[in-house]
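# Structural features, examined
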Amino acid sequence: KNEVEQSPQNLTAQEGEFITINCSYSVGISALHWLQQHPGGGIVSLFMLSSGKKKHGRLIATINIQEKHSSLHITASHPRDSAVYICAANTGNQFYFGTGTSLTVIP
Amino acid sequence: GAVVSQHPSRVICKSGTSVKIECRSLDFQATTMFWYRQFPKKSLMLMATSNEGSKATYEQGVEKDKFLINHASLTLSTLTVTSAHPEDSSFYICSARDKTTSLMRAFGSGTRLTVV
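For the structure given in this document, a descriptive report is provided here. Computed from a predicted model, the values in this text were never measured in an experiment.

A few words on the interface of chain A and chain B. Listed by partner, the interface residues are 17 residues for chain A and 13 residues for chain B. With both chains or domains summed, chain A and chain B bury close to 1300 Å², and 60% of this area falls on carbon and sulfur atoms. Across the contact surface, chain A and chain B share zero salt bridges. Seen at the junction of chain A and chain B, the total is four residue pairs in polar contact (both at pLDDT 80 or more). Taken together, the elements giving at least two residues each to the side of chain A that touches chain B come down to β4 (31-37), β5 (43-49) and β10 (95-97) of chain A. In terms of residue count, β4 of chain A provides more of the side of chain A that touches chain B than any other element does, four residues in total. Its residues placed into classes, the side of chain A that touches chain B shows six nonpolar, eleven polar and no charged.

Laid out in structure tokens, this is it:
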């Protein structure tokens, strides 16, 4: 069993839709990271969370420490949001990566 | 925000040659550099961890003589793929841990290596 599980694996949405990507983890964490990987491969760090909720533009990340669950929401999705979104559990010593959610937003 | 510059972004080399990949932290000091390999549609796989001025620690199954890592300064780490073979073709990406905020990680843009 993977330490980090993401769902869904693939997601197609119409432009403007509200999107949710879920992440569950089984390890004790110091922080939970949400990353974005574009088709070219480069990875951008979107959020680092240890509790509660963070918002940056149209992106919102939440975490429930007790339930070991985090969600990434995208409001008013746009084709440029198309990418792979990766959840990563940071134990302080190690990173455990989810396998990613491939998001395609159709105009 | 913290930026890690990785280059080259793409490289094609012949079998038997060596390729060096560089990662530089541009606006912070990277105490630790992590090197990952990513296979198509797979998660990042940790290859090795290097601390500035120390020998790298390699994950099980990663050949240290094949994947040479140097972390000579707080802003530069290099991965050299020696005597490259076609099976070394992959996407390699580095990630730096900030000296001041140990939880923060910045990622390089990755290097697509093709060995022909």
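Two pairing modes exist for strands in a sheet, parallel and antiparallel, and in both the strands are linked by backbone hydrogen bonds. Residues and elements named next belong to chain B. Spatial ordering of the open sheet is given by β1-β3-β8-β7, a layout of four strands whose pairing is antiparallel. Strand pairing shows two members of the sheet lacking a second neighbour, β1 (4-7) and β7 (67-73), which therefore form its edges. For this sheet, the mean inter-axis angle between neighbouring strands, taken without regard to orientation, is 15°. Here five bridges tie β7 to strand β8 (residues 76-81), and the two strands are oriented antiparallel to one another. Counterpart to Ser 73 in the pairing with β8 is Leu 76.

Here the focus is the nonpolar core. Nonpolar side chains tend to gather and get buried jointly when the protein is soluble and globular. If you look at the biggest cluster of nonpolar residues, it comprises 26 residues, and the most contacted ones within it are Val 4, Met 33, Trp 35, Phe 67, Leu 79, Tyr 92 and Leu 113 of chain B. Elements with a minimum of two residues in this core: β2 (10-13), β3 (19-25), β4 (30-38), β5 (44-51), β7, β8, β9 (90-98) and β11 (111-115) of chain B. Judged by nonpolar contacts, the second largest core, of 23 residues, contains Val 4, Ile 21, Trp 34 and Leu 46 of chain A.

This part covers the packing of aromatic side chains. Inspection of the entire model under this criterion finds four aromatic pairs over all chains. Here the aromatic rings of Phe 97 of chain A and Tyr 36 of chain B are separated by 5.2 Å at their centres, their planes lie at 90°, and the arrangement is edge-to-face. Separated into two different chains, Phe 97 of chain A in strand β10 and Tyr 36 of chain B in strand β4 make up a pair that spans both. Tyr 36 of chain B matches Phe 97 of chain A in its accessibility class, with the two residues each being buried. Between Phe 97 of chain A and Phe 107 of chain B, the ring centres sit 6.4 Å apart and the planes meet at 70°, which makes this aromatic pair edge-to-face. Highlighted residues: Phe 97 of chain A in strand β10 and Phe 107 of chain B in strand β10 (residues 105-107), drawn from two different chains. Classification of Phe 107 of chain B by relative accessible area gives buried; the value is 8%.

Right, let's get into the state of the cysteines. Residues and elements named next belong to chain A. A complete count under the given rule lists two disulfides over all chains for this structure. Paired through a disulfide, Cys 23 and Cys 87 show a sulfur-sulfur distance of 1.8 Å. Here Cys 23 and Cys 87 share a disulfide; its torsion about the S-S bond, -60°, makes the bridge left-handed. Linking Cys 23 in strand β3 (residues 19-25) with Cys 87 in strand β9 (residues 83-90), this pair joins segments that are 64 residues apart in sequence. The pair Cys 23 / Cys 87 is uniform in exposure class, with both members buried.

Mapped onto the fold, Thr 80 of chain B is located in strand β8. Every residue in contact with Thr 80 of chain B, bar those within four places of it in the chain, is listed here: Ser 18, Val 19, Lys 20, Lys 66, Phe 67 and Leu 68 of chain B.

Next up on the list: the layout of surface pockets. Approximately 600 Å³ is the volume found for the largest pocket. If you go around the largest pocket, you meet 26 residues; those closest to its centre are Gln 37 and Val 84 of chain A together with Pro 40, Lys 41 and Lys 42 of chain B. Residue assignment for the lining of the largest pocket shows that the elements contributing at least two residues are β9 and β11 (101-106) of chain A. Examining the composition of the lining of the largest pocket, we find that four residues originate from one element, β11 of chain A, more than from any other. Considered class by class, the residues forming the lining of the largest pocket number nine nonpolar, 14 polar and three charged. When its volume is computed, the second largest pocket comes out at roughly 440 Å³.

The rules behind the values
Residues numbered from 1 in each chain as written. Chains lettered and ligands numbered in written order. Predicted model: local features only at pLDDT ≥ 70, side-chain atom pairs only at ≥ 80, totals over all residues. Heavy atoms only, no water. Contact = heavy atoms within 4.5 Å. Buried area = accessible area lost by both parts, 1.4 Å probe. Salt bridge = Lys/Arg side-chain N within 4 Å of Asp/Glu carboxyl O. Polar contact = N/O pair within 3.5 Å; in protein donor to acceptor, adjacent residues only side chain to side chain. Helix = DSSP H or I, 4+ residues; strand = E, 2+ residues; numbered from the N terminus. Nonpolar A, V, L, I, M, F, W, Y, C, P; charged D, E, K, R; others polar. Pairing = 2+ DSSP bridges. Axes fitted to C-alpha atoms, helices over the stretch in contact; angles between N-to-C directions. Core = buried A, V, L, I, M, F, W, Y, C linked by side-chain atoms within 4.5 Å. Buried < 20%, exposed > 50% of the residue type's maximum accessible area, 1.4 Å probe, protein only. Phe/Tyr/Trp six-rings, centres within 6.5 Å; stacked < 30°, edge-to-face > 60°. Disulfide = S-S within 2.5 Å. 1 Å grid on protein atoms, 1.4 Å probe; cavity = no way out; pocket = protein on both sides within 12 Å on 5 of 7 lines; lining within 4 Å. Points joined across faces, edges and corners; volume = space filled by probe spheres on them.

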